Amino acid sequence: MDFFVQQLLNGLAVGGIYALVALGYTMVYGVLKLINFAHGDLFAIGAYLGLTLLVTCQLASTLPPFYAVLLVFVMVSLMVALIGYLLERVAYRPLRSAGRLSAVVSALGASIFFENALMLIYGARVFVYPDFLRPDFTVTILGFTIPGMRLLVIAVSILLMVALQAFMLHTRTGAAIRAVAIDQGAARLMGINVNRVISLVFLIGPGLGGAAGILVGIYYGQIDFLMGWSYGLKAFTAAILGGIGNIPGAMVGGLLLGVVEAMASAYFAVAWKDAVAFVVLILILIVRPTGLLGERTADKL
């Protein structure tokens, strides 16, 4: 039972990271019906920027670890959000009236550009986050000893997801995003600045992705320039699993995918975790083609 609980919590931690990245995919799709293939690379940029600020800029050595990580979380989220905003202005907005295929090709091109830019700037080797940033404590709950780092990743992921959902449901800006997802033409007639709303979506999604990149760096301790592709694919899978365009669905899909992978690694083999995860995805889509919570691009966002 202890082994099962440890794997379950490990799956929830990884799944929380998948969910944060998946939110960027699902928000863009909900508003523009576009799969932003460059989103995974924005996540990787967040991981590298976090390492740069902590090590090269020496924030990790000049501030206590907690405050250093907190400051880097805020700074990286803002910087990656700005990159996402510029990506929308440069790569997607000029092609908005050119059809979806042109935007998809542009997204793939942006993904290749970001991936190779990381390789050229930082090199192709693996980089390591400082060990002392990972809290070395355990928590005992109901007789189970749980690593503190695992609980922190789960808590931060859930906190960010809940904050996003509250923002979408209980603010005027969130209502504007949902209105644009329903009908852009009608939203314009209601006085909503559609371009501004779309830009905001490209700020929020990449910002969450940048935060997820730091979580991966601290949780696993190492990053590489190809991580955007691997995590982006998993996050995209999570978005489809929960229902593309559905914000709660992306959360549920990410957490479920992480748990399935963790259990497959524990009870089968690490090499089989991806295969098992995609088999589960296929089975679920056979039963529910629109995902667990359904594809939502309207008021159910």
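Residues numbered from 1 in each chain as written. Predicted model: local features only at pLDDT ≥ 70, side-chain atom pairs only at ≥ 80, totals over all residues. Heavy atoms only, no water.

To continue, consider the packing of aromatic side chains. Throughout the structure, instances matching the rule amount to twelve aromatic pairs. A centroid spacing of 5.8 Å and a plane angle of 70 degrees characterise the contact between Y48 and F127, whose relative ring orientation is edge-to-face. Here Y48 is found in helix 2 (residues 39-56), whereas its partner F127 is found in strand 1 (residues 127-128), with 79 residues between them in sequence. The burial state of Y48 is the same as that of F127; both residues are buried. Seen from their ring centres, F66 and Y67 are 5.4 Å apart, and the 80 degrees between their planes marks the pair as edge-to-face. Of the residues examined, Y67 reaches a relative accessible area of 54% and is grouped as exposed. Joined through ring pairs, the aromatic side chains of Y18, F43 and Y231 make up one cluster. R125 extends its terminal NZ or CZ atom over the ring of F127, reaching a point 4.1 Å from the ring centre. (Phe/Tyr/Trp six-rings, centres within 6.5 Å; stacked < 30°, edge-to-face > 60°. Helix = DSSP H or I, 4+ residues; strand = E, 2+ residues; numbered from the N terminus. Buried < 20%, exposed > 50% of the residue type's maximum accessible area, 1.4 Å probe, protein only. Lys NZ or Arg CZ within 6 Å of the ring centre and 35° of its normal.)

What follows deals with the side chain of T237. The residue T237 is located in helix 10 (residues 227-242) in this model. Taking the relative accessible area as the measure of exposure, T237 reaches 5% and is therefore buried. The contacts of T237, once residues within four sequence positions are left out, are L257, F278 and L281. (Contact = heavy atoms within 4.5 Å.)

Once that is clear, we can look at the pattern of salt bridges. This structure, assessed with the given rule, holds five salt bridges. In this structure, R134 engages D131 in a salt bridge whose closest nitrogen and oxygen atoms are separated by 2.4 Å. Relative accessible area serves as the criterion here: at 53%, D131 is assigned to the exposed category. One network of salt bridges, with partners in common, ties together E88, R93 and R96. (Salt bridge = Lys/Arg side-chain N within 4 Å of Asp/Glu carboxyl O.)

It is worth spelling out the confidence of the model for the chain at this point. Per-chain confidence: the chain averages 89 in pLDDT, with 98% of residues scoring 70 or above. Below pLDDT 50 for its whole length, residues 297-301 participates in 17 contacts with residues either more than four positions away or in separate chains. (pLDDT = per-residue confidence, 0-100.)

Now for the pairing of strand 2 (residues 138-141). By the bridge criterion, four bridges tie strand 2 to strand 3 (residues 144-147) in an arrangement that is antiparallel. Within strand 3, the position partnered with T138 by the bridge is P147. Counting the residues that bridge the hairpin from strand 2 to strand 3 gives two residues, and of these L142 lies at a positive phi of roughly 55 degrees. (Pairing = 2+ DSSP bridges.)

Our next topic: helix 2. Helix length check: helix 2, at 18 residues, gives a terminal C-alpha distance of 25 Å against a target of 26 Å (1.5 Å per residue), a fit within 8%. Taken across its 18 residues, helix 2 has 16 buried, putting it largely inside the fold. Directly after helix 2, the chain includes Q58, whose backbone phi takes a positive value near 60 degrees. (Expected span 1.5 Å × (residues − 1).)

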